[in-house]
Amino acid sequence: MERSNQTQATEFILLGLSSIPEVESFFFVIFLLIYMITLAGNILIIIIICLDKHLHTGMYYFICNLSFLDCCYSTVTVPKMLANLLLKKKTISFTACMLQLYFFASLVSAESLLLAAMSVDRYIAICRPLHYARIMDQRTCSWMAAMFWVVGFLNSAVHVTLMSRLSFCKSNEIQHFFCDFPPLFKLSCSKTFINILVILTLGWFVGFGGLLIKIVSYAFIITTILNIKSSEGRTKAFSTCASHLTVVIIFYAVLLFTYFRPTTTNSFSIDRFVSVVYSILTPMVNPMIYSLRNTEIKKAVRKIIDRIQRVTK
C-alpha cells in the first residue's frame, strides 16, 4: 500500500451532525448534559464499588472496569464534537484523527472482551457457586482485566497502522462527528481491501470470539436456571445476569448494524445516528442498567448516604 503521489491530507474537516447554527446550539446543550451525566454516573459506580468491601468480588470488579471504559469511551469523541459545535473551523489534524481512531477502536475491542469476561463470571457464579470465591479471586480477575485491555489496544494498533499508510487525496471532509473507519475509507484514494480484510478477520477473532464465549456461557446459565425447582430461585438467578445480558444485546446489535451491513446511499447519515447511540448514549445508560437492577449497589448507595448524613449531623 504505497502512498500516492497526489497531495496527502494533513487535516480533516468533521462535518458533524448538522451545519445549522440553531441546531448545533441545541445539540451542544443536549450532548454536554449527556456527557456530564455519563461521567457522573460512571464515576459514582466506581466510587461505590471501591468504598463498599462487600462489592469487592469478580462481578463488581468487572462492572468497575466497564464504568471506567465508558468514561474513556465518551471522552474520546464527545469533547471534540462539543468543541466543533461551537467553532466555525471544525478541523482535526491527521495525527489527532489517527489517535482518536486508535483509542476508540481499542475501547470497542476491550469492551467486547470485557463483556465476555463478565459472562464467564456469571457462568461460574450461577453454575458453580460453591467454587466462585476460589476461582474468581483477585488474581484471576486482574489477569482477565489485563488480557482484555492489552488485546484491545494491540488489536487497534494493527488497524490504525494500516489506516495511517493510506493516502487521503479525494477529499478531507469526514461525514461524521469523529474519525471512524467507514468514513475514512470513503476518502481514501488507496486500495482498502487489505484494511477491510484485516478488520473482518480480527473482528471474527476478537468480536465474535468474545460473542462465542458469551453464547456458550449463557447456554449453560439458562440450562442451570431452568433446572432450578423453585420459581423464586429461578427469578433470583436470572436477575443476577439480566443487566449484563441487556448490555451485551445493545453492544452487539449496534456493532453488527454499523460495521457488518451493506453500504447504501444514505448509510453515512444512518451511521452518524447509530454512532450517537453507541458512543454517547450507551455509556450513559450502562450505569443506569446496573444500578437500577442491582440490589447490592442500591444497598451500598444507602450505606454511603447514611454515613454522609451521620457525619453532617
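Rules used throughout
Residues numbered from 1 in each chain as written. Predicted model: local features only at pLDDT ≥ 70, side-chain atom pairs only at ≥ 80, totals over all residues. Heavy atoms only, no water. Salt bridge = Lys/Arg side-chain N within 4 Å of Asp/Glu carboxyl O. Helix = DSSP H or I, 4+ residues; strand = E, 2+ residues; numbered from the N terminus. Buried < 20%, exposed > 50% of the residue type's maximum accessible area, 1.4 Å probe, protein only. Phe/Tyr/Trp six-rings, centres within 6.5 Å; stacked < 30°, edge-to-face > 60°.

Looking at the pattern of salt bridges
This structure, assessed with the given rule, holds two salt bridges. Note that Glu24 and Lys90 form a salt bridge whose closest N and O atoms lie 3.2 Å from each other. In this pair, Glu24 is assigned in helix H1 (residues 21-51) and Lys90 in the loop between helix H2 (58-86) and strand S2 (91-93), connecting sequence segments 66 residues apart. The pair Glu24 / Lys90 is uniform in exposure class, with both members buried. Here Asp121 ties to Arg122 by a salt bridge, and the two come within 2.8 Å at their closest N and O atoms. Using a relative accessible area of 1% as the deciding quantity, one classes Asp121 as buried. We classify Arg122 as buried; its relative accessible area is 7%.

Structural notes on the packing of aromatic side chains
One pass over the full model with this rule turns up 17 aromatic pairs. A ring pair is formed by Phe12 and Phe168, whose centres lie 5.5 Å apart and whose planes are at 90 degrees; its orientation type is edge-to-face. Of the two residues, Phe12 is situated in strand S1 (residues 11-14) and Phe168 in the loop between helix H5 (138-164) and strand S3 (173-174); the sequence distance between them amounts to 156 residues. Pair check on accessibility: Phe12 and Phe168 agree, each one buried. With 5.9 Å between their ring centres and 40 degrees between their planes, Phe148 and Trp149 make a pair best called tilted. For Phe148, a relative accessible area of 0% puts it in the buried group. A residue is classified by how much of its surface remains accessible, and Trp149, at 16% relative accessible area, is buried. By the ring-pair criterion, three or more aromatic residues cluster together here, those being Phe68, Tyr102, Phe103, Phe148, Trp149 and Phe153.

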